[in-house]
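A look at the structure
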Amino acid sequence: MKLSFSAPGIPTQGALAVGVLPGGKLTPEAAKLDKRMRGALRRAIHAAPRFNGEKGQMLDVPAPAGTRLSRVILAGLGKPADLNKLAWEELGGNLARRFDDGDRIAAVVVEAAPGSDVDAATAAARLAYGASLGGYRFDRYRTKIPKDKKPTLRSLVVRCADAAAARAEFRDLDAVAAGVRLARDLVSEPGNVIYPRTLANAAQSLESLGVKVEVLGRARLERIGMRTLLAVAQGSDHEPYVVVMRWNGASSAKERPLAFVGKGVTFDSGGLSIKPSSGMEEMKFDMAGSAAVIGAMRALAGRKARVNAVGVIGLVENMPSAKAQRPGDIVTSLSGQTVEVLNTDAEGRLVLADCLTYTKDRFKPVAMLNLATLTGAIIAALGYHHAGIFSNDDRLSKELTDAGEAEGERVWRMPLGKEYDSDIDSPIADMKNTGGKGAGSIAAAQFLKRFVGDVPWVHIDIAGTAWSYKDKATVPKGATGYGVRLLNRLVADHYESAD
Ligand code: BES
Ligand code: MN
Ligand code: ZN
């Protein structure tokens, strides 16, 4: 779908959406159109008693007289005071999907609502951003979509008073949307297409945007000593990789970076502690943490963020085989700490442990954030609307929580604490990779904490947020790309130097 911006006015073809405020009140541009249509919009509103301009409502007026439009869509805006950036994005997402159901060319008129603190240009840019995110589809493997189910929209023109300002504001948002789309694509792909090598290739494709990418293969990882990561990979025929992505956008390349670390288990069968077959197919998404890191690096590079950021992703496949690690194996991590592997399905923490050590020691980051579909238990605790965060730093937690609220990628802080250490202490090694009876997510986080030293750190457990089982305005069913917007916003609000 092509997105563009232009001045307000009534187009000579296609569909057109205009806003309606609560009480069925037409916005000024809608009123102009109504005049051209000799009052047909007002009559349509009266004829549809359920439509009163509330948020999310839409009313179709087909083949409007006095114009050459195919249809006018009256879009309920809801209370102006509630029309924040996210609300404009949602409207954009909802409209994109509505237009996709038959319109090839469409336009929408965006006006600042009286009493809202979002101006017209920002509203227009956010609407376009929402349309881009909400119009996402993963159709690659559907070769037989019936004609009436295929998306139709080719061009969406966002019309607003200061089109140039909207276009300028959209440029950065477009880069973020590209990052989200990339993450969604990677997570949607099945395990036979995305495995460690191909996921590394996806990261490598960011070189065209100026990201420096290093791909470390098995021999390198062995020499470095990333044995807990290698232990997970040893049951698979796919070679494991650790990929390092560096974006140096700060004024000095010497400025210490912000680090993102991602779990990239391209398929998690559980290994010898094999998962039940029902639902196992979902475990193609177990690389969503690393997809979010790739997407975030794509966003930062795409908008030339003034920050030094490094992304480190640990890419492995967790499979059972004669070469696979066994329950009871004891492995020495890069940090020197030993781990008794009681359950080969608790593999994410083994991968992350070495990646966190490596990132901390090599890059001395100002802060380190890791993303991982780490535990089913976080879904039991928080469901699908918040990611769980665990942190050794109150300020960083607060910054991340605020970023999540602003972007609609919410997080909820969970506890860490010495009391939980006894859950992961092992009688035969420094620790074991599973916890006790309850608090599985906390045990996993407490395990990771043993590898971060005193670097300000947050672990984001995205097991519940990486995949959506319901269509939402800007997040269609399927891979969400969760984390890209969150990390981008954290950087934009706290870690970018001014020009
Ligand atoms: N990738 C899974 C976590 C997961 C499970 C994500 C379900 C989304 C839905 C992880 O590797 C895993 O298997 N964790 C185990 C840990 C247990 C063996 C201690 C879990 O959560 O059951
Ligand atoms: Mn697992
Ligand atoms: Zn896993």
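Quick note: structure is the one above.
Residues numbered from 1 in each chain as written. Chains lettered and ligands numbered in written order. Predicted model: local features only at pLDDT ≥ 70, side-chain atom pairs only at ≥ 80, totals over all residues. Heavy atoms only, no water.

**Here's the deal with the coordination of the zinc ion (ligand 3)**
To keep it simple, the criterion reads: Sites may look incomplete, because water is not among the atoms used; the donor set itself consists of N, O and S atoms within 2.8 Å of the metal (3.2 Å for Na, K and Ca). Geometry assignment treats four donors as tetrahedral when all angles are between 85 and 135 degrees, treats four as square planar and six as octahedral when opposite donors are over 155 degrees apart and all others between 65 and 115, and treats everything else as irregular. Helical segments are the DSSP runs of H or I of at least four residues, strand segments are the runs of E of at least two, and each set is numbered from the N terminus.
For the zinc ion (ligand 3), the full set of protein donor atoms is Lys263 (NZ), Asp268 (OD), Asp286 (OD) and Glu347 (OE), and the range of their distances to it is 2.0 to 2.4 Å. Around the zinc ion (ligand 3) sit six donor atoms; with metal-centred angles ranging over 78 to 175°, the donor geometry is octahedral. In the primary sequence, the donor residues of the zinc ion (ligand 3) line up as K-x4-D-x17-D-x60-E. Taken as a pair, the zinc ion (ligand 3) and the manganese ion (ligand 2) lie 3.1 Å from each other and share Asp268 as a ligand. One end of the pair, Asp286, is in the loop between strand 10 (258–268) and helix 9 (288–302); the other, Glu347, is in the loop between strand 13 (338–340) and helix 10 (348–363), and 61 residues separate them in sequence.

**Brief notes about the nonpolar core**
Where we set the bar: As used in this record, nonpolar core signifies buried Ala, Val, Leu, Ile, Met, Phe, Trp, Tyr and Cys residues forming a set joined through side-chain atoms within 4.5 Å. Partly exposed describes any residue whose relative accessible area lies between the buried limit of under 20% and the exposed limit of over 50%, with all areas from a 1.4 Å probe on protein chains only and scaled to the type maximum. Whether two residues are in contact is decided by their heavy atoms, any of which lying within 4.5 Å being enough.
Core analysis: the biggest nonpolar cluster contains 99 residues, and Met245, Phe260 and Ile460 have the highest contact counts within it. The leading source of residues in this core is helix 5 (residues 163–188), at eleven residues. Residue contacts for Ile460: discarding those within four places in its chain leaves Leu369, Asn370, Leu371, Ala372, Ala387, Gly388, Ile389, Leu400, Tyr482 and Leu486. Ranked by size, the runner-up nonpolar core spans 47 residues in total, among them Ala233, Val341, Val351 and Ala463.

**What about the side chain of Gln325?**
Along the chain, Gln325 turns up in the loop between strand 11 (308–318) and strand 12 (330–332). Judged by relative accessible area, Gln325 falls into the buried class, the value being 4%. Contact partners of Gln325, with chain neighbours within four places excluded, come to Ala231, Val232, Gln234, Leu272, Val331, Val341, Thr344 and Leu350.

**A few points about the packing of aromatic side chains**
Put simply, the rule reads: Aromatic rings from Phe, Tyr and Trp, with only the six-membered ring used for Trp, were paired whenever their centres fell within 6.5 Å, and each pair was classed as stacked if the ring planes differed by under 30 degrees, edge-to-face if by over 60, and tilted otherwise.
According to the stated counting rule, one finds four aromatic pairs in the structure shown. Centre to centre, the rings of Tyr384 and Tyr469 are 5.6 Å apart; their planes meet at 70°, and the pair counts as edge-to-face. Placement of Tyr384 in the loop between helix 11 (377–382) and strand 15 (387–391) and of Tyr469 in the loop between strand 19 (467–468) and strand 20 (478–479) is noted, with a sequence separation of 85 residues between them. Overall, the relative accessible area of 42% leaves Tyr469 in the partly exposed class. Note on Phe447 and Phe451: the rings are 5.4 Å apart at their centroids and 35° apart in plane angle, and the pair reads as tilted. Taken as a pair, Phe447 and Phe451 share a single burial class, namely buried.

**Regarding the pattern of salt bridges**
Note the cut-off: By definition here, a salt bridge exists when the distance from a side-chain nitrogen of Lys or Arg to a carboxyl oxygen of Asp or Glu is within 4 Å.
For the structure shown, the criterion picks out 30 salt bridges. One salt bridge in this structure joins Asp139 and Arg137, with 3.8 Å as the shortest N-O distance. We classify Asp139 as partly exposed; its relative accessible area is 26%. Put simply, Lys398 and Asp402 hold a salt bridge, and the shortest N to O gap is 2.7 Å. One end of the pair is Lys398 and the other is Asp402, both in helix 12 (residues 394–407) and four residues apart, which spans about a single turn. In the salt-bridge network here, residues are joined through shared partners; they are Glu89, Arg126, Glu407, Arg485, Arg489 and Asp493.

**Looking at the coordination of the manganese ion (ligand 2)**
Protein ligation of the manganese ion (ligand 2) involves Asp268 (OD), Asp345 (O), Asp345 (OD) and Glu347 (OE), the donor distances falling in the range 2.0 to 2.2 Å. What the six donor atoms of the manganese ion (ligand 2) show is an angle range of 71 to 168° at the metal, which sorts the shape as irregular. One chain supplies every donor to the manganese ion (ligand 2), and in sequence these donors are spaced D-x76-D-x1-E. When its relative accessible area of 3% is taken as the criterion, Asp268 is described as buried. Note on Glu347: relative accessible area 0%, which makes it buried.

**Some remarks on the packing of helix 5 against helix 15 (residues 484–495)**
We apply this condition: Interaxial angle, 0 to 180 degrees, is taken between N-to-C directions of lines fitted to C-alpha atoms, where a helix line uses only the stretch in contact. Throughout, a crossing is termed right-handed when the near helix is turned clockwise from the far one, and left-handed when it is turned anticlockwise from it by less than a right angle.
Where helix 5 meets helix 15, the closest approach of the two axes is 9 Å, and the angle between their N-to-C directions is 145°. Here the hand of the crossing between helix 5 and helix 15 comes out right-handed. Every residue of helix 15 that contacts helix 5 at Val176, Gly179, Val180 and Ala183 is listed here: Val484, Arg485 and Asn488.

**A word on the sheet that holds strand 13**
What counts here: Strand pairing is defined by DSSP finding a minimum of two bridges between the two strands.
One open sheet holds the three strands; their spatial order is 12-13-17, and the pairing between them is mixed. For this open sheet the edge positions go to strand 12 and strand 17 (431–432), each flanked by a neighbour on one side alone. When strand 13 meets strand 17, the two strands line up parallel, connected through two bridges. Bridge pairing links Glu340 to Lys432 in strand 17.

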